[in-house]
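# A closer look at the structure
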Number of protein chains: 2
Amino acid sequence: MTVTIYDVAREANVSMATVSRVVNGNQNVKPATRKKVLEVIERLEYRPNAVARGLASKKTTSVGVIIPDISNNLNAELARGIEDIATMYRYNIILANSDQNEEKELSLLDTMLGKQVDGIVMMSEEVTDSIQRAIETCPVPIVLAGSICETEEIASVNIDYYTAAKEAVQLLISNGHSRIAFVSGPLQYTVNGQHKLTAYKDTLAQANIEINEALIVAGDGSYDDGLETWATLAALDVPPTAIFVGNDELAIGLVHGIQDSGKTVPGDVEIISFENSKLARMVRPQLTSVVLPLYDIGAVAMRLLTKFMNKEEIDEKHVILPHRVEQRDSSK
Amino acid sequence: MTVTIYDVAREANVSMATVSRVVNGNQNVKPATRKKVLEVIERLEYRPNAVARGLASKKTTSVGVIIPDISNNLNAELARGIEDIATMYRYNIILANSDQNEEKELSLLDTMLGKQVDGIVMMSEEVTDSIQRAIETCPVPIVLAGSICETEEIASVNIDYYTAAKEAVQLLISNGHSRIAFVSGPLQYTVNGQHKLTAYKDTLAQANIEINEALIVAGDGSYDDGLETWATLAALDVPPTAIFVGNDELAIGLVHGIQDSGKTVPGDVEIISFENSKLARMVRPQLTSVVLPLYDIGAVAMRLLTKFMNKEEIDEKHVILPHRVEQRDSSK
DNA sequence: CTGAAAGCGCTAACAA
DNA sequence: TTGTTAGCGCTTTCAG
């Protein structure tokens, strides 16, 4: 039924080894022989069995990708970056969603190792101790993409979230605001709870602005969350006049919440978001936003992984990509 | 180094076959033996090699997913549906982007077959003849998700695009419009060029409304395309008073284009979109939209694929999921 | 430049 | 209930 390397060898009057060499582009084959083999391959429609090859060579040319939720814009962009570079290096991707659930992440890691992936790119909002341990004892290289882990040992690709957030808040302060709110997704997520929030507090402190806990709101980070959060904020004795927001979807929710309540952006409330997905331009006013280069983060993470897999020399395990603030109309 | 089934067998004083039985949950093992084996597995941290298993059993528990572009909201939602059901049935997913390019689709199909996937879910806006042939001669089952192919033979999951589009246009007609534009992505895409456009024309004809080619605009289907399309439409001697739009992103572009030109939705122009992604609610006015249940389409496609892979009986190879129009504020 | 042969780690009859 | 033994299809020394 299915044609194997053996069938090709027999038809071409050569050994399996020679067919293998031809298929793998090994140069030690006489052109005439190569031609003959190629013809038989064509004629028999031979398709190498990657599973057998994987077993024999201990390389599968597959990499695992563990991501919180592919249906989320943010992750999808990242995944595309990963995939493009993987394809370029002839790897295939085994994609799985973790829903940001530690148990699933652990079990996914195990499944992928069972499938003998050559490496793994992982995205996780919160790298717990046991995840960290699992990564450190992993038999194949792992690169974290857009995910924070303080450890020296684990490779990762990020931007400098802290500085980026500081710049955003600073911008709001420069525009004369002192009642600046901080609205983000879950604070358990390292990037929110540690980097962005700390940057917010530090920047305010440095400008001698008192920190008001009522102006710090963390929800699930969704559009509806943004809508509701504005209701909360608007009910304050003195509502904020500016908001630093954790992501675009949340920011759009806030913008609509503000507009629905009869106020304007940036007239009554200035907003700076953090993500700059294509959504940032799909709202009026368009969002000023810190640029989070998700595609690039994914691409660079995958590229880094290929270096590990090829045992190339790595100059820096922790890549920090540049960031900037894209000025649009939600801030002055 | 890596511990194999043989190591476990030796340590537990049983044969490889017995270990294999334990690992695979075969009932023909004495409880005491099972316990002993399980202990050794635990102690040695044995992890079955799925590649070897795949080679021996000719099943990989992996399915291929070929999708135009995962960074596109539409596909990401579909992919999530596929993944969830795949996980439920203990399959892993090998995901690849085709960019809606026939050559890539063909080569991806080949790669996946080489990797011995047990089945494939494919999404394609235009199933060309050669793709169709490739699918028909494929050694493993393939299910098309949200993709149209007239052939009896090929399994697929869709909604009734024609009827859905008719209902939308009919709604606009009922609201008193006679200058109704049709704006969509590429007409080469079967769903646009054949189903939606035909439905549009048929519905107009049945209402004795003359078809005006100037009111039919197909671009790339993006937000910016929507913005520009309104500029074109607005420049007409008599601009349309209602628009049937192919997808949400495009519709939002149109809405903003209309609003930027000083007109209102639905006051001056009514809009009905086709997709109902979460974007539909993230714009003011919120979009009335035909509900395209992408997650469900993906999930049902994957479920159907599992039936094929298990050689279960299939009652219907062509699943049509129900649709409806979600009324919001962009139409009256 | 080419071939022979020993595995890779596991499953699946077939025996016992 | 358990063990023995062929392979699965390919890569990779090692000879020649």
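Residues numbered from 1 in each chain as written. Chains lettered and ligands numbered in written order. Predicted model: local features only at pLDDT ≥ 70, side-chain atom pairs only at ≥ 80, totals over all residues. Heavy atoms only, no water.

### Some remarks on the domain arrangement of chain A
Inclusion rule: In this entry, domain limits derive from an automatic or database-based domain assignment.
Per the domain assignment, the segments of chain A are domain 1 (5-48), domain 2 (62-159 + 294-321) and domain 3 (161-292). Measuring from the centre of the C-alpha atoms in domain 1 of chain A to the corresponding centre in domain 2 of chain A gives 37 Å.

### Focus on the packing of helix α5 (residues 73-88) of chain B against helix α12 (residues 294-309) of chain B
Residue and element names in this part refer to chain B. Test applied: To define axes, lines are fitted to C-alpha atoms, for helices over the stretch in contact only, and angles between the resulting N-to-C directions are given on a 0 to 180 degree scale. Elements are defined by DSSP. Helices are runs of H or I of four residues or more, strands are runs of E of two residues or more, and each kind is numbered from the N terminus. Two helices crossing with the near one rotated counterclockwise from the far one by less than a right angle form a left-handed crossing, whereas a clockwise rotation gives a right-handed crossing. By the convention used here, residues are in contact when the closest approach between their heavy atoms is within 4.5 Å. Ten residue types, Ala, Val, Leu, Ile, Met, Phe, Trp, Tyr, Cys and Pro, are classed as nonpolar, four, Asp, Glu, Lys and Arg, as charged, and the remainder, Gly among them, as polar.
Taken N-terminus to C-terminus, the directions of α5 and α12 make an angle of 40°; their axes are 7 Å apart at the nearest point. Pair α5 / α12 crosses with right-handed handedness. Residues Leu74, Glu77, Leu78, Arg80, Gly81, Ile82, Asp84, Ile85 and Ala86 of α5 lie in contact with α12, whose contacting residues are Leu294, Tyr295, Ile297, Gly298, Ala299, Met302 and Arg303. Taken together, the residues that form the contact of α5 with α12 break down as ten nonpolar, two polar and four charged.

### Side note on the side chain of Ser124 of chain B
All names here are of chain B. Keep this limit in mind: Contacts described as polar in this section are N or O atom pairs within 3.5 Å, which, within protein, must combine one atom able to donate a hydrogen with one able to accept it, while residues neighboring in sequence count only if both atoms come from side chains.
The topology assignment puts Ser124 in the loop between β3 (119-122) and α7 (129-136). Only 3.2 Å separates the side chain of Ser124 from the side chain of Gln100, close enough to count as a polar contact. Excluding anything up to four places from it in sequence, Ser124 contacts Gln100, Glu105, Ser147 and Ile148.

### Let's talk about helix α10 (residues 223-234) of chain A
Three- or four-residue spacings in an α-helix give side chains the same orientation, since the helix completes a turn every 3.6 residues. Residues and elements named next belong to chain A. The condition that has to hold: Expected span of a helix, by definition, is 1.5 Å for each gap between consecutive residues, and there is one gap fewer than residues. Accessible area is worked out with a 1.4 Å probe on protein chains only. A residue is then buried under 20% of its type maximum, exposed over 50%, and partly exposed in between. Note: the arc covers the axis-to-C-beta directions of the helix.
With twelve residues, α10 extends 17 Å from end C-alpha to end C-alpha; this agrees with the ideal 16 Å at 1.5 Å per step. Taken together, the buried positions of α10 are Tyr223, Asp225, Gly226, Thr229, Trp230 and Leu233. Mapping the buried residues of α10 onto a view down its axis gives an arc of 145°, with all of them on the same face. Check the buried side of α10 and you find it contacts β6 (180-184), β7 (216-218), β8 (242-245) and α11 (248-260).

### Looking at the sheet that holds strand β4 (residues 142-145) of chain B
Worth spelling out the cut-off: In this description, strands pair whenever DSSP reports at least two bridges between them.
Taken together, twelve strands build an open sheet; the order of strands is β11(A)-β5(A)-β4(A)-β3(A)-β1(A)-β2(A)-β2(B)-β1(B)-β3(B)-β4(B)-β5(B)-β11(B) and the sheet is mixed. Only two strands of the sheet have a single partner each, and these edge strands are β11 (318-321) of chain A together with β11 (318-321) of chain B. Averaged over all neighbouring strand pairs, the angle between strand axes comes to 20°, with direction disregarded. Note: strand β1 (residues 62-67) of chain A against strand β3 (residues 119-122) of chain A, four bridges, orientation parallel. What sits directly across from Ile66 of chain A, in β3 of chain A, is Met122 of chain A.

### So, the interface of chain B and chain A
The condition is simple: A quick way to say it: buried area is the sum, across both parts, of accessible area lost when two parts are put together, with a 1.4 Å probe. Every case where a carboxyl oxygen of Asp or Glu lies within 4 Å of a side-chain nitrogen of Lys or Arg is listed as a salt bridge.
Between chain B and chain A, the residue contacts involve 49 residues of the former and 48 residues of the latter. With both sides pooled, the region where chain B packs onto chain A buries about 4300 Å², and carbon together with sulfur makes up 51% of that total. A per-residue breakdown of the area chain B buries against chain A is headed by Arg80, Met282 and Arg284 of chain B, which together make up 16% of the total. Scanning the region where chain B abuts chain A turns up twelve salt bridges. In this structure, Asp99 of chain B and Arg80 of chain A form a salt bridge, with 2.9 Å as the shortest nitrogen-oxygen distance. Remark: the boundary between chain B and chain A carries 30 residue pairs in polar contact (both at pLDDT 80 or more). The residue makeup of the side of chain B that touches chain A, split by class, is 21 nonpolar, 14 polar and 14 charged. When strand β2 (residues 92-97) of chain A meets strand β2 (residues 92-97) of chain B, the two strands line up antiparallel, connected through three bridges. Residue pairing for β2 of chain B: Ile94 of chain A is matched across the bridge by Ile94 of chain B.

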